[in-house]
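Report on the structure
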Amino acid sequence: MEEDKVRGKAEPSGWPAKAWSLLSATRSESPLIQCITNFVSMDLMANTLLSAGASPAMIHSADEIPDFTPHARALCINVGTLSADWLPAMKLAAQFACQSCKPWVLDPVAAGASGFRLKACLELVELKPTVIRGNASEVIALSKASLGPSKGVDSSHESTDAVEAAKSLAQASGAIVAVSGAVDIVTDGERVVGAHNGVPMMQRITATGCSVTALIAAFVAVDPLHALEATVSALSIFGVAGEMGMNLAKGPASLRMHLIDSLYGLDDAVVHSRVSITSFS
Ligand SMILES: Nc1ncnc2c1ncn2[C@@H]1O[C@H](COP(=O)(O)OP(=O)(O)OP(=O)(O)O)[C@@H](O)[C@H]1O
Ligand SMILES: Cc1ncsc1CCO
Ligand SMILES: [Mg+2]
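Read on for a plain summary of the structure. Predicted model only: the values in this text are computed from it and were never measured.

Before going further, it helps to examine the site of ligand 1. Lining the immediate surroundings of ligand 1 are 18 residues, of which Asn135, Ser180, Asp184, Gly209 and Cys210 lie closest. Asn135 is positioned with one of its side-chain polar atoms (N or O) 2.8 Å from an oxygen atom of ligand 1. Within the backbone of Cys210, an N or O atom sits 2.9 Å from an oxygen atom of ligand 1. Coverage of ligand 1 by the protein chains reaches 91% of its 620 Å² of free accessible surface. Where the shell around ligand 1 is concerned, the elements lending two or more residues are strand S5 (131–135) and helix H9 (208–222). The element best represented in the shell around ligand 1 is H9, accounting for 3 residues.

Encoded structure:
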């Protein structure tokens, strides 16, 4: 049955407890997350991290990276408004994160949109991100490392179309790979886990994908030894915040506000009743 294929195997699930423990740890530890991100997403990303209890720092100058990056608990790199002068700082920060054994997360925005961007993303993948999170078109483009048809920053594929591409990318890179969409898919190259939360209206707010990538960085910061679990939990929690926010929203602009408020207010009971994560393999 198609529904079985999409939702994955039912399982007795400890996922809600795992997701709640990671959100609680983020709130209590307030991990410092360095973000080198695009101009569009800076505000929503910082506010997403703050509402989850983390501490964002949007610091991108190469002059500051040697002093600052080793003190961050995790690093988030997003190539959304990439230009040649930003790329060296991104690479330097990734190198400092690796040297200081800190997790770092890559968001390969519109990876297939140009040769320059694809090459930059491939160079960043060489620097061993802990997690790569993109939409289906981005993960397919990066996995194939080819310039296939692309709509730009929005996806023209379903996340479920990208499972094999995500597994290959995970195996080739050593990263956990996450594909956002109606079902968020997360893989280490062997296991495949899906988060079924969220609402379609989240695609109508720019930078929700960028922001959930930063939330992944915060969850991986508090549980670096379980990056797959942290990644799928962050995607599910962000989706639950979207579901709760949608109950109050009238459209994308008010959903943006209510999503942030809902993320801030999530409690144990809501997380346990709403988190929907299943294993596909
Ligand atoms: N059809 C859908 N139903 C439910 N949730 C969705 C749907 N599509 C996307 N989402 C959720 O919206 C968020 C953003 O995912 P999306 O795939 O749109 O990222 P993106 O394309 O990288 O976005 P952006 O580039 O604007 O940051 C994720 O949390 C994802 O789970
Ligand atoms: C719209 C847009 N363009 C470059 S980055 C960005 C934010 C969503 O990825
Ligand atoms: Mg994106």
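Read on for the rest.
What surrounds ligand 2 is the set Asn38, Val40, Gly80, Val109, Val153, Thr206 and Cys210. Protein contacts shield 76% of the accessible area of ligand 2, which totals 290 Å² for the unbound molecule. Here the shell around ligand 2 is built from residues that sort into 4 nonpolar, 3 polar and no charged.

Further remarks concern the nonpolar core. The nonpolar side chains of a soluble globular protein tend to be buried, and buried together. In this structure, Ile33, Phe219, Ile237, Leu266 and Val275 are the most contacted members of the largest nonpolar core, which totals 57 residues. Counting residues per element, this core draws most heavily on H9, at 11 residues. Other than its neighbours up to four places away in sequence, Phe219 contacts Ala19, Leu22, Leu23, Thr26, Ala230, Ser233, Ala234 and Ile237.

So, about the sheet that holds strand S1 (residues 32–36). With mixed pairing, the 9 strands of this open sheet are ordered in space as S2-S1-S3-S4-S5-S6-S7-S8-S9. If you trace the sheet from one side to the other, it starts and ends with strand S2 (55–57) and strand S9 (277–279), each paired once. The average undirected angle you get between the axes of adjacent strands in this sheet is 20 degrees. Sheet topology places strand S3 (residues 74–78) next to strand S4 (residues 104–107); 4 bridges connect them, and they run parallel.

Attention now moves to unusual backbone geometry. Positive phi, normally seen in glycine, also occurs at Cys101, with a value near 55 degrees. Its place among the elements puts Cys101 in the loop between helix H5 (87–99) and S4. In this structure, Lys128 takes a positive phi of about 60 degrees despite not being glycine. Looking at the secondary structure, you find Lys128 in the loop between helix H6 (115–126) and S5.

A few words now on H6. The terminal C-alpha atoms of H6, which comprises 12 residues, lie 17 Å apart, in line with the 16 Å expected from a rise of 1.5 Å per residue. Looking only at H6, the buried set comprises Arg117, Leu118, Ala120, Cys121, Leu124 and Val125. Buried residues of H6, viewed axially, fall in a sector of 160 degrees; they line one side. More than 90 degrees from the buried face of H6, the exposed residues found are Lys119 and Glu126. One or two residues past the end of H6 sits Lys128, with phi positive at roughly 60 degrees.

Cut-offs and rules
- Residues numbered from 1 in each chain as written.
- Chains lettered and ligands numbered in written order.
- Predicted model: local features only at pLDDT ≥ 70, side-chain atom pairs only at ≥ 80, totals over all residues.
- Heavy atoms only, no water.
- Near = heavy atom within 4 Å.
- Polar contact = N/O pair within 3.5 Å; in protein donor to acceptor, adjacent residues only side chain to side chain.
- Areas by Shrake-Rupley, 256 points an atom, 1.4 Å probe, with all protein chains shown as cover.
- Helix = DSSP H or I, 4+ residues; strand = E, 2+ residues; numbered from the N terminus.
- Nonpolar A, V, L, I, M, F, W, Y, C, P; charged D, E, K, R; others polar.
- Core = buried A, V, L, I, M, F, W, Y, C linked by side-chain atoms within 4.5 Å.
- Buried < 20%, exposed > 50% of the residue type's maximum accessible area, 1.4 Å probe, protein only.
- Contact = heavy atoms within 4.5 Å.
- Pairing = 2+ DSSP bridges.
- Axes fitted to C-alpha atoms, helices over the stretch in contact; angles between N-to-C directions.
- Expected span 1.5 Å × (residues − 1).
- Arc of directions from axis to C-beta.

That is the geometry; function is a separate question.
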